Amino acid sequence: GRARGGGKEGGRRRGREGGEGGRRARGQRAGGKGRRARKRARVSVWITGREPRSVQMGRPAAASVALALAASSALAYAVHHLLVTRRPKRRRRCGTLWASPVSTCSRRVILALEEAETCDYVLEPIDLLKREHKSAHFIAMQPYGKVPVWSERDGPLLLFESRAIMRHVAAGSHLIPSDPALVALMDQWISVEYSYFYPEFLPLFHERVLSRIYKGSNYKPDDAVCAARVAALEPTLDLLEHHLSSTGGPYLVGSYSLADVTFTPYLDVMGACRLSEQIQARPALAAWIERCLARPAWRYCLDGTVMNRVRQETLG
């Protein structure tokens with residue numbers, strides 16, 4: 001009997017223990033579900049700024065959290081919008097340009113600087129008539145004794161060759177297209193200027209303009225040399241005319257770019273080189289030249305205002 005009673009008592013005890021274990025297990029499962037639900041609610045509040053419908057409403061703490069998160073998100077967006085998307089464009093102070101404001105290569109770089117507006121700079125004028133570009137100090141920077149030279153303010157970078165400087169100071173500006181295909185076309189026209197236009201134009205410029213400056217106003221240009229250079233220049237003028245008339249764009253790659261910048265110093269003196277007849281015979285070329293020379297940054301290169309940088313601008 002005791003054995004049987006013990007069996008019954010043991011059964012009841014095991015039943016109670018089993019019931020308590022089941023209740024604990026169910027409670028743990030319910031607690032786990034509750035924690036997961038609360039976690040989902042917090043994520044929902046963070047993303048949407050409001051609680052899901054499955055969460056009981058009317059709890060002040062939850063409402064306060066939702067409101068605070070929503071306000072924080074709105075504030076973060078407003079700060080980002082004001083400081084990033086509405087941030088005013090600022091120049092960074094970055095270097096010194098050793099240049100002659102009257103030389104075509106120096107004007108190429110000055111034009112790029114003024115058009116790009118990505119750099120501020122100090123101008124160190126070099127007097128070519130006094131042969132300052134042949135001094136030991138200058139030769140140490142430019143072994144060929146040519147202007148311009150660019151010195152970076154915050155770093156060891158020292159650049160010579162105007163097209164390399166032009167490309168460097170225009171980085172990140174509208175002068176270099178964002179489309180890689182247009183960048184390739186821009187580089188193509190820069191190469192045309194350097195490889196085909198410049199070699200024929202420079203001797204003509206020397207004969208008809210520079211020689212009168214360096215050798216005196218009585219210098220007589222060599223007509224045979226000039227005629228040969230004009231004839232050699234005609235194919236490139238024809239190419240420019242065809243390209244500009246066929247594309248119908250205002251500039252060489254559509255919008256104004258370094259391709260236009262690199263030609264502009266020579267376009268300005270084509271009249272002095274007695275090339276007006278060749279220009280007028282090509283209307284698209286003439287219109288492009290007029291647009292390039294009318295740009296405010298180019299007028300700045302010519303009117304002497306750039307000399308203010310010698311007296312007023314400092315690298316502080």
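Here, the structure is the one placed above.
The following refers to the structure shown.

Calculation rules
- Residues numbered from 1 in each chain as written.
- Predicted model: local features only at pLDDT ≥ 70, side-chain atom pairs only at ≥ 80, totals over all residues.
- Heavy atoms only, no water.
- Salt bridge = Lys/Arg side-chain N within 4 Å of Asp/Glu carboxyl O.
- Helix = DSSP H or I, 4+ residues; strand = E, 2+ residues; numbered from the N terminus.
- Buried < 20%, exposed > 50% of the residue type's maximum accessible area, 1.4 Å probe, protein only.
- Contact = heavy atoms within 4.5 Å.
- Axes fitted to C-alpha atoms, helices over the stretch in contact; angles between N-to-C directions.
- Left-handed = near helix turned anticlockwise from the far one by under 90°.
- Nonpolar A, V, L, I, M, F, W, Y, C, P; charged D, E, K, R; others polar.
- Core = buried A, V, L, I, M, F, W, Y, C linked by side-chain atoms within 4.5 Å.
- Phe/Tyr/Trp six-rings, centres within 6.5 Å; stacked < 30°, edge-to-face > 60°.
- Lys NZ or Arg CZ within 6 Å of the ring centre and 35° of its normal.
- 1 Å grid on protein atoms, 1.4 Å probe; cavity = no way out; pocket = protein on both sides within 12 Å on 5 of 7 lines; lining within 4 Å.
- Points joined across faces, edges and corners; volume = space filled by probe spheres on them.

## Brief notes about the pattern of salt bridges
This structure, assessed with the given rule, holds ten salt bridges. The shortest N-O distance in the salt bridge between R309 and E114 comes to 3.2 Å. Taken as a pair, R309 in helix α12 (residues 308–311) and E114 in helix α3 (residues 104–116) lie far apart in primary sequence, 195 residues in all. A relative accessible area of 7% places R309 in the buried class.

## Points about helix α10 (residues 283–293)
Because each turn of an α-helix spans 3.6 residues, side chains separated by three or four positions in sequence point in the same direction. What α10 keeps buried is the set A284, L285, A286, W288, I289, C292 and L293. Against α7 (223–247), α8 (258–267), α9 (276–280) and α11 (296–302) lie the buried residues of α10.

## Quick word on the packing of helix α6 (residues 180–214) against α7
Between α6 and α7, whose axes approach to 9 Å, the crossing angle comes to 150°. The way α6 lies across α7 gives a crossing that is left-handed. Contact residues: W189, V192, Y196, F197, P199, E200, F201, P203, L204, E207 and R208 in α6; V225, C226, R229, V230, A232, L233, T236, L237, L239, L240 and H243 in α7. Across the contact of α6 with α7, the residue classes break down as 16 nonpolar, two polar and four charged.

## Notes on the nonpolar core
Core analysis: the largest hydrophobic core is formed by 65 residues, its most contacted members being L97, W150, F201, L258, M270 and W288. The element contributing the most residues to this core is α6, with eleven residues. Those residues in contact with M270, other than ones at most four positions away along the chain, are F197, F201, L237, L275, S276, I279 and I289. Core analysis: the second largest hydrophobic core is formed by seven residues, W98, I126, L128 and M141 among them.

## Side note on the packing of aromatic side chains
As enumerated under the stated definition, the model contains nine aromatic pairs in all. Ring geometry for F197 and F201: centres 5.3 Å apart, planes at 15°, overall stacked. Of this pair, F197 and F201 are both found in helix α6, four residues apart, which corresponds to roughly one turn of the helix. Of the two residues, F197 and F201, neither departs from the other in class, the shared state being buried. Each member of the aromatic cluster is reached from another via a ring pair, and the members are F197, Y198, F201, F205, F263, Y266 and W288. Here the basic side chain of R163 rests over the ring of Y198, its NZ or CZ set 5.3 Å away from the ring centre. When the ring centre of Y121 is taken as reference, the NZ or CZ atom of R309 above it lies at 4.0 Å.

## Re the layout of surface pockets
One number sums up the size of the largest pocket: a volume of about 1,000 Å³. Around the largest pocket sit 33 residues that line it, and S103, L128, V147, L210 and Y214 are the ones nearest its centre. The set of elements that each furnish at least two residues to the lining of the largest pocket consists of α3, α5 (162–169) and α6. Looking at the lining of the largest pocket, the element that brings in the most residues is α6, giving nine residues. For the lining of the largest pocket, the per-class residue count stands at 18 nonpolar, eight polar and seven charged.

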